[in-house]
Amino acid sequence: MSNFTTATSTVDLTKIKPYGDTYNDGKVQMSFTLPVPDGEEAQEAARQYAKLMGMDEPSVTHHSDLGIGYTFFVVYGPVHHTVDYTKIRVTKVESHVFDRVECGEWIAKNIGRTITMVGASTGSDAHTVGIDAIMNMKGFHGHFGLERFKNVNAINMGSQVPNEELIAKAIEVNADAILVSQTVTQKDVHIKNLTNMVELCEAEGIRDHMLLLCGGPRISHELAQELGFDAGFGPETYAEHVCSYVMQEIVARGWVNKK
Amino acid sequence: MGFIADIQKKYKTVSIVGMAKNAGKTTALNYLLEEAYDEGLRMGVTSTGRDGETSDLVFETDKPKVYLFEDTIVTVPEQLFGLAETSLEILKRTSCRTALGQVLLCRVARSGYVQIAGPGSIMEHKKLCAQMFEQGIDMIIIDGAIDRKSIADPATSDAIILSTGAVISRRIKNVVEETVHVVSVYKSPLVEDEKLRAILEKEDRDVFRILTIDKDYNVAQVPVRTALGAGPIVNDAIGEDTRFVYIPGAITERILDHISPAKLKQVTIVLPNPTKVFVGATRWQQLRKMGLHVQVLENIEVAAVTVNPFSPHGYSFDRDELLNAVKEALPGLPVVDVRVGGLDL
């Protein structure tokens, strides 16, 4: 009697696991640094640490001394945790996304005036990459920025802009939306900075006639919502996402004839 | 008699304002709701952010869920409706929109855990609270998100409960200092000059005009829409006879730094209410010593202070030490550790 049937692995969406070489082998690679000098003890420490994180038989595939008593590790091994994919719900910005040209036409047809957006990378953040990707003419990854959109007046104030200056500018030009970018932050300083932004907008009484948006690699729509923003734009969102949301909100909120 | 019954007699809408994220707002909310249930009070609950999810969206620390008793009126946006762990009866679809969908006004049909969220803006809250009172409730508690203090605006709530805790600093002294700063700013002196009050109360709250008022009550408008970034212009507008400067919006350190020390001493800065102050504890004290006077048209009632000796960042204080330090610094205010309860007034 011979049985040549191989075990068929299928994906059970209620219990998904990482894919390494075969379905459900749970193989994961991770990297971290330990504050100890490189050596066999350090590697064992890394292995034990990975075990505590739920990795069975972890192997240290890379280790390098970072100098003055720190070692960088890459560890590889299977984990047994599963996630129920069918129960996942993510809140997203609910608006139809138009492309750049469609946005310009939509604004002309439904709003009939130029919409103004003021943006900056605020607080201690010196990184302009995020706000430039959304606002600058050349855009990012093949997606042109707001400056190239028809019927959009995009004002990019650059980086390390204090919240107060951004708000002062938005009031001066009577903006429809304020865009706040937070790229690199430490110890969650971006959270404090973002709530400070919302609070200042409330104090200035502009919260009910300007949209307040934030974006960045660590921002999700859900987080933005929790912080009191109208919407949040995370990775893989571009100028057309922002513009589509803003123009449709302007109409939905009856701000077409905003003075 | 419970703590909540005392508060309810005096105030109808109470906001829980956090000094920081994880200061223990939700624990305070649950504690108050439990007391209210014992007292037979019918409550309304809403939030300026989102509340009651199991893990925190910002720091992913464990956070307490919100347990609502039967018959409570609560605001739940469409997308969170399905996540409630109990049954909710939809009373009304409000006109208020959030990114989590339209806000539904619901009645809790059976006690259980519910995720609450409300609009982010203060104006919307005002409208929402009016609709909640139509359902015949005794009192509304608004849960403030993160460290958002604008909900303390007297236009929205009659009083606040301030939640403070170890999360603010690793030193008790700093926790106490920051807490006292917020309470003292909220208790800023009211405008006593009747003539001045009469002038300022005529101002349209939706049209922001920065005004200077001289000794003969002549009013002049400063030609800027906001004082933000316009410190020098405000400074120039203060003349020899100017006695008051009315700023309807925020005042920050950067604005005040542009006002010359002599002028700072000469004038009184008048604000609609204390939520407009965006100056840190240390700088505030320095400015006060330099002669800064601030008066407000409306004050904020602090009904109580709650303390949480634990920080999710992995440290904690001795609970009695923190509780007593805050009590000592804020005489006359009820201070309670919400995990232990046992308020002594």
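Each remark here, short or long, concerns the structure printed above.
Before going into details, it helps to say that this report is about the structure given with it. (Residues numbered from 1 in each chain as written. Chains lettered and ligands numbered in written order. Predicted model: local features only at pLDDT ≥ 70, side-chain atom pairs only at ≥ 80, totals over all residues. Heavy atoms only, no water.)

**Comments concerning the overall build of chain A**
For step 1, the next point in the chain: Within chain A one finds 7 helices and 8 strands.
For step 2, the next point in the chain: Taken against the 2.2 N^0.38 rule, which gives 18 Å for 259 residues, the C-alpha radius of gyration of chain A at 24 Å runs more than 25% over that of a compact globule.
For step 3, the next point in the chain: C-alpha atoms of chain A, sized along the principal axes, occupy 80 × 60 × 30 Å.
For step 4, the next point in the chain: The burial tally for chain A puts 46% of its 259 residues in the buried class.
For step 5, the next point in the chain: Long-range contacts, defined as pairs at least 24 residues apart, comprise 66% of the intrachain contacts of chain A with a sequence gap of at least 6.
For step 6, the next point in the chain: Once the 22 positive and 33 negative side-chain charges of chain A are each reduced to a mean point, those two points are 5 Å apart. (Helix = DSSP H or I, 4+ residues; strand = E, 2+ residues; numbered from the N terminus. Rg over C-alpha atoms; globule rule 2.2 N^0.38 Å. Buried < 20%, exposed > 50% of the residue type's maximum accessible area, 1.4 Å probe, protein only. Contact = heavy atoms within 4.5 Å. Lys, Arg positive; Asp, Glu negative; His and termini not counted. Charge placed at Lys NZ, Arg CZ, Asp CG, Glu CD.)

**As for the interface of chain A and chain B**
For step 1, the next point in the chain: Contact with chain A, which involves 35 residues of that partner, is made by 39 residues of chain B.
For step 2, the next point in the chain: Together chain A and chain B conceal approximately 3100 Å² of surface at their shared face, both sides included; 54% is due to carbon and sulfur atoms.
For step 3, the next point in the chain: On the chain A side of the contact with chain B, E164, E204 and E226 of chain A bury the most area, a combined 24% of that side's loss.
For step 4, the next point in the chain: At the surface where chain A touches chain B, the tally comes to 3 salt bridges.
For step 5, the next point in the chain: Of the charged contacts, one joins R225 of chain B and E204 of chain A as a salt bridge, the two residues approaching to 3.8 Å between their closest N and O atoms.
For step 6, the next point in the chain: Elements supplying a minimum of two residues to the side of chain A that touches chain B: α4 (163–172), α5 (189–203), α6 (221–227) and α7 (239–252) of chain A. (Buried area = accessible area lost by both parts, 1.4 Å probe. Salt bridge = Lys/Arg side-chain N within 4 Å of Asp/Glu carboxyl O.)

**Focus: the side chain of R207 of chain A**
For step 1, the next point in the chain: Among the structural elements, R207 of chain A can be located in the loop between α5 and β7 (211–215).
For step 2, the next point in the chain: A polar atom in the side chain of R207 of chain A sits 2.7 Å from the backbone oxygen of G228 of chain A.
For step 3, the next point in the chain: Separated by 3.1 Å, the side chains of R207 of chain A and D230 of chain A make a polar contact.
For step 4, the next point in the chain: Setting aside chain neighbours within four positions, we find R207 of chain A in contact with V198, C201, E202, L212, G228, F229 and D230 of chain A together with S121 of chain B. (Polar contact = N/O pair within 3.5 Å; in protein donor to acceptor, adjacent residues only side chain to side chain.)

**What to know about the side chain of N308 of chain B**
For step 1, the next point in the chain: Following the sequence through the fold, N308 of chain B ends up in strand β19 (residues 302–308).
For step 2, the next point in the chain: If near-sequence neighbours (up to four positions away) are discounted, N308 of chain B is found in contact with N22, A23, G24, T164, G165, A166, L322 and R339 of chain B.

**Remarks on the packing of aromatic side chains**
For step 1, the next point in the chain: A complete count under the given rule lists 9 aromatic pairs over all chains for this structure.
For step 2, the next point in the chain: Plain terms: the ring middles of Y37 of chain B and F69 of chain B are 4.1 Å apart, the flat faces sit at 10° to each other, and that makes the pair stacked. Here Y37 of chain B is found in helix α2 (residues 25–38), whereas its partner F69 of chain B is found in the loop between β4 (67–68) and β5 (73–77), with 32 residues between them in sequence.
For step 3, the next point in the chain: On the basis of relative accessibility, which here comes to 47%, the residue Y37 of chain B falls in the partly exposed class.
For step 4, the next point in the chain: The rings of Y37, Y67, F69 and Y113 of chain B are connected pair by pair, giving a single aromatic cluster.
For step 5, the next point in the chain: Between R148 of chain A and the ring centre of F144 of chain A, over which it is positioned, the NZ or CZ distance is 4.0 Å. (Phe/Tyr/Trp six-rings, centres within 6.5 Å; stacked < 30°, edge-to-face > 60°. Lys NZ or Arg CZ within 6 Å of the ring centre and 35° of its normal.)

**Describing the layout of surface pockets**
For step 1, the next point in the chain: In this structure, the second largest pocket spans a volume of roughly 710 Å³.
For step 2, the next point in the chain: Lining of the second largest pocket is provided by 36 residues; of these, E249 and R253 of chain A together with R97, T98 and E124 of chain B occupy positions nearest its centre.
For step 3, the next point in the chain: Elements that contribute at least two residues to the lining of the second largest pocket include exactly α6 and α7 of chain A together with α3 (78–81), β6 (88–98), β7 (101–108) and α4 (122–133) of chain B.
For step 4, the next point in the chain: Of the residues forming the lining of the second largest pocket, the biggest block, 5 residues, is contributed by α4 of chain B.
For step 5, the next point in the chain: A class-by-class count of the residues in the lining of the second largest pocket yields 11 nonpolar, 14 polar and 11 charged. (1 Å grid on protein atoms, 1.4 Å probe; cavity = no way out; pocket = protein on both sides within 12 Å on 5 of 7 lines; lining within 4 Å. Points joined across faces, edges and corners; volume = space filled by probe spheres on them. Nonpolar A, V, L, I, M, F, W, Y, C, P; charged D, E, K, R; others polar.)

**Some words on helix α11 (residues 319–329) of chain B**
All names here are of chain B.
For step 1, the next point in the chain: Burial in α11 covers these residues: L322, L323 and V326. Buried residues of α11, seen end-on, are gathered within an arc of 95° and therefore sit on one face of the element.
For step 2, the next point in the chain: The inward-facing, buried residues of α11 abut α5 (172–186), β19 and β22 (335–337). (Arc of directions from axis to C-beta.)

**Some details on the pairing of β7 of chain A**
Residue and element names in this part refer to chain A.
For step 1, the next point in the chain: With 5 of its 5 residues buried, β7 lies for the most part within the structure.
For step 2, the next point in the chain: Examined bridge by bridge, strand β6 (residues 177–181) and β7 share 5 bridges and lie parallel to one another. Along β7, the bridge assignment pairs A177 with L211.
For step 3, the next point in the chain: This β-α-β element, β7 to α6 to strand β8 (residues 231–233), shows right-handed connectivity. (Pairing = 2+ DSSP bridges. Right-handed = clockwise from strand over helix to strand, strands pointing away.)

**Thoughts on the pairing of strand β16 (residues 268–271) of chain B**
All names here are of chain B.
For step 1, the next point in the chain: The two faces of β16 match: T268 and V270 on one face and I269 and L271 on the other face are all buried.
For step 2, the next point in the chain: With 4 bridges joining them, β16 and strand β18 (residues 293–296) adopt parallel strand pairing. Of the residues in β18, the one forming a bridge with T268 is H293.

**Section: the sheet that holds strand β12 (residues 210–214) of chain B**
All names here are of chain B.
For step 1, the next point in the chain: Ordered in space as β13-β12-β14-β16-β18, the 5 strands form an open sheet in which the pairing is mixed. Pairing within the sheet leaves two strands with one partner each, and these edge strands are β13 (219–222) and β18. Direction aside, the axes of adjacent strands within the sheet are offset by 25° on average.
For step 2, the next point in the chain: Here strand β14 (residues 242–246) pairs with β16 via 3 bridges, running parallel. Its bridge partner being in β16, F244 is matched across the sheet by T268. (Axes fitted to C-alpha atoms, helices over the stretch in contact; angles between N-to-C directions.)

**Topic: unusual backbone geometry**
Most peptide bonds are trans, and most residues other than glycine sit at a negative phi.
For step 1, the next point in the chain: Positive phi, normally seen in glycine, also occurs at H141 of chain A, with a value near 55°.
For step 2, the next point in the chain: On the secondary structure map, H141 of chain A appears in the loop between α3 (129–135) and β5 (152–156).
For step 3, the next point in the chain: With relative accessibility at 63%, the residue H141 of chain A sits in the exposed group.
For step 4, the next point in the chain: Notably, D71 of chain B is not glycine yet its phi reads approximately 80°, a positive angle.
For step 5, the next point in the chain: Its place among the elements puts D71 of chain B in the loop between β4 and β5.

**Here's the deal with the pattern of salt bridges**
For step 1, the next point in the chain: As enumerated under the stated definition, the model contains 23 salt bridges over all chains in all.
For step 2, the next point in the chain: Between D216 of chain B and K215 of chain B there is a salt bridge, and its shortest N-O distance comes to 3.9 Å.
For step 3, the next point in the chain: Here R319 of chain B makes a salt bridge to D337 of chain B, at a shortest N to O gap of 3.0 Å. In this pair, R319 of chain B sits in helix α11 while D337 of chain B sits in strand β22, placing the two residues 18 residues apart along the sequence.
For step 4, the next point in the chain: On the accessibility criterion, D337 of chain B (3% relative accessible area) is buried.
For step 5, the next point in the chain: Put simply, R207, D230, E249 and R253 of chain A are held in one network by salt bridges that share partners.

**Thoughts on the environment of V180 of chain A**
All names here are of chain A.
For step 1, the next point in the chain: Secondary-structure assignment places V180 in strand β6.
For step 2, the next point in the chain: Once the C-alpha coordinates of V180 and L213 are considered, the two residues, 33 residues apart in sequence, prove to be 6.2 Å apart.
For step 3, the next point in the chain: Aside from chain neighbours lying at most four places away, what touches V180 is A120, T122, L166, L194, M197, L213, C214, G215 and F229.

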